[in-house]
Amino acid sequence: MVFLGTGVLSPRIPMLEATPEGEGSKAARKPTGLQVVKSPRMLYPQPKALTPSRKDVLDLTPWLAPIVWEGTFNIDILNEQFRLQNVTVGLTVFAIKKYVAFLKLFLESAEEHFMVGHRVNYYIFTDRPAQVPRVPLREGRRLVVLEVPAAARWQDVSMRCMEMISDFCARRFLKEVAFLVCADVDMRFRDHVGVEILSPLFGTLHPGFYKAAREAFTYERRPQSQAYIPPDQGDFYYMGALFGGSVSEVHRLTTACHQAMMADRANAIEAVWHDESHLNRYLLDHKPTKVLSPEYLWDEQLLGWPGVLKKLRFVAVPKNHQEIRSR
Ligand code: UDP
Ligand code: MN
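Keep in mind that this is a model prediction, so the values were computed, not measured. (Residues numbered from 1 in each chain as written. Chains lettered and ligands numbered in written order. Predicted model: local features only at pLDDT ≥ 70, side-chain atom pairs only at ≥ 80, totals over all residues. Heavy atoms only, no water.)

Visitor: Could you give me a rundown of the site of ligand 1, with the residues and numbers involved?
Guide: Around ligand 1 sit Phe-94, Ala-95, Ile-96, Tyr-99, Val-157, Asp-184, Val-185, Asp-186, Lys-319, His-321 and Arg-325, and those are all the residues in its vicinity. Within the side chain of Tyr-99, an N or O atom sits 2.5 Å from an oxygen atom of ligand 1. The separation between an oxygen atom of ligand 1 and a polar side-chain atom of Lys-319 is 2.7 Å. Of all the secondary-structure elements, those providing two or more residues to the shell around ligand 1 are strand 6 (88-95) and helix 7 (321-325). (Near = heavy atom within 4 Å. Polar contact = N/O pair within 3.5 Å; in protein donor to acceptor, adjacent residues only side chain to side chain. Helix = DSSP H or I, 4+ residues; strand = E, 2+ residues; numbered from the N terminus.)

Visitor: Just give me the short version of the packing of aromatic side chains, but keep the residues and values in it.
Guide: Applying the stated criterion across every chain yields a total of 19 aromatic pairs. Measuring from ring centre to ring centre gives 6.2 Å for Phe-82 and Phe-179, while their planes differ by 40°; the resulting arrangement is tilted. Of this pair, Phe-82 sits in helix 1 (residues 75-85) while Phe-179 sits in strand 9 (residues 179-183), and the two are 97 residues apart along the sequence. Pair check on accessibility: Phe-82 and Phe-179 agree, each one buried. These aromatic residues form a ring-pair network of at least three members: Phe-94, Tyr-123, Phe-125, Phe-168 and Phe-173. Sitting over the face of the ring of Trp-154, Arg-325 holds its NZ or CZ atom 3.6 Å from the ring centroid. (Phe/Tyr/Trp six-rings, centres within 6.5 Å; stacked < 30°, edge-to-face > 60°. Buried < 20%, exposed > 50% of the residue type's maximum accessible area, 1.4 Å probe, protein only. Lys NZ or Arg CZ within 6 Å of the ring centre and 35° of its normal.)

Visitor: Go over the coordination of the manganese ion (ligand 2) with me, naming the residues and quoting the values.
Guide: Coordination of the manganese ion (ligand 2) by the protein involves Asp-184 (OD), Asp-186 (OD) and Asp-186 (OD), with metal-donor separations of 2.1 to 2.5 Å. The partly exposed category is assigned to Asp-184, whose relative accessible area is 31%. (Donors = N, O, S within 2.8 Å, 3.2 Å for Na, K, Ca; no water.)

Visitor: Describe the environment of Val-157, with residues and values.
Guide: Looking at where Val-157 falls in the secondary structure, it is placed in helix 3 (residues 154-176). Separated by 62 residues in sequence, Val-157 and Ala-95 place their C-alpha atoms 9.7 Å apart. Sequence-distant contacts of Val-157, defined by excluding residues within four places in its chain, comprise Ile-96, Lys-97 and Ala-151. (Contact = heavy atoms within 4.5 Å.)

Visitor: For the nonpolar core, give the residues involved together with the corresponding values.
Guide: In this structure, Phe-125, Phe-173 and Leu-253 are the most contacted members of the largest nonpolar core, which totals 41 residues. Of the residues forming this core, the biggest block, 9 residues, is contributed by helix 3. Those residues within four positions of Leu-253 in sequence are excluded, and the remaining contacts are Met-162, Leu-201, Phe-243, Leu-279, Tyr-282 and Leu-283. (Core = buried A, V, L, I, M, F, W, Y, C linked by side-chain atoms within 4.5 Å.)

Visitor: Give me the pairing of strand 9: which residues, what numbers.
Guide: Counting buried residues along strand 9, 5 of its 5 residues qualify, which places the element largely inside the surrounding structure. Across the two faces of strand 9 the burial is the same, with Phe-179, Val-181 and Ala-183 and Leu-180 and Cys-182 all buried. As paired strands, strand 6 and strand 9 are joined by 5 bridges and run parallel to one another. By the bridge assignment for strand 9, Thr-92 is matched with Cys-182. Summarising the sheet, strand 9 and strand 12 (residues 238-246) pair through 5 bridges and their orientation is antiparallel. Residue pairing across strands places Val-181 opposite Gly-244, the latter belonging to strand 12. (Pairing = 2+ DSSP bridges.)

In structure tokens, the structure reads:
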């Protein structure tokens, strides 16, 4: 029975009530011959139609996509629903050149907080496979090292991620995982990040701009670029460091961003924030089906810990930009 399994992949659900002993999970036959379908019972607080879960934040976009904040979801319900899909989540991360140094903390913290209880494939894109640390993994989780060439400029390293994710979607991700989460490596998980983030297409609010007016967003403002967004347009400023969705949607997104960057290159223009500018243009035209609050991308050193954030889940690891980006 799917709800009552034990072990790492199906941890005990405290709020679940087992079917009474002897009756089992299958249909119990009544003397009349009618089947009574017995299903496990999950007990949790009732959602109240007149009581918002959070009063201090927007938790739904105008196109009816949830914005994920602590307090807006019940992870036990989501975990049970997700487990029924019996699928694997892929986490792509690039560790090119000196950025391999971030992998250990990234992976160790992911083992503690990322999709715990579910199957996970880590896809590490790197030019230094020998330097990928051996981190002990929980059951049902594996690490796949994908050797890729390094670009010389850091801007190109960052922009080529789109191309490489797009390539590997067709080559292997489609066959191996249902969802892809694409993350920066100079980060660590410091609290729960689970299936509440999954949806066909999701982006994350940039921690520096979640309170800002659209005119102040650092979108690409030159009409010559494919990433151009005029001042009177734009929903949110999404950060390039965390996005994802179903493999087919991520394939569409990364292919479109890659093609837009190639068109820009042909026109001798480079968007102000590189792949992030193109991601923002794409997500303006293709509205995400879920938006992650800045709980999912934070920089405590830079921004402290405002009260609106009940949890800091995925946070920047301090780095010296010049040093780490040098050869
Ligand atoms: N990256 C990399 N090697 C580099 C530059 C970038 O692996 O030399 C990857 C890495 O995954 C990094 C991401 O590209 O997290 C984005 O770059 P960075 O984190 O430096 O951008 P920032 O978060 O500072 O805007
Ligand atoms: Mn980063």
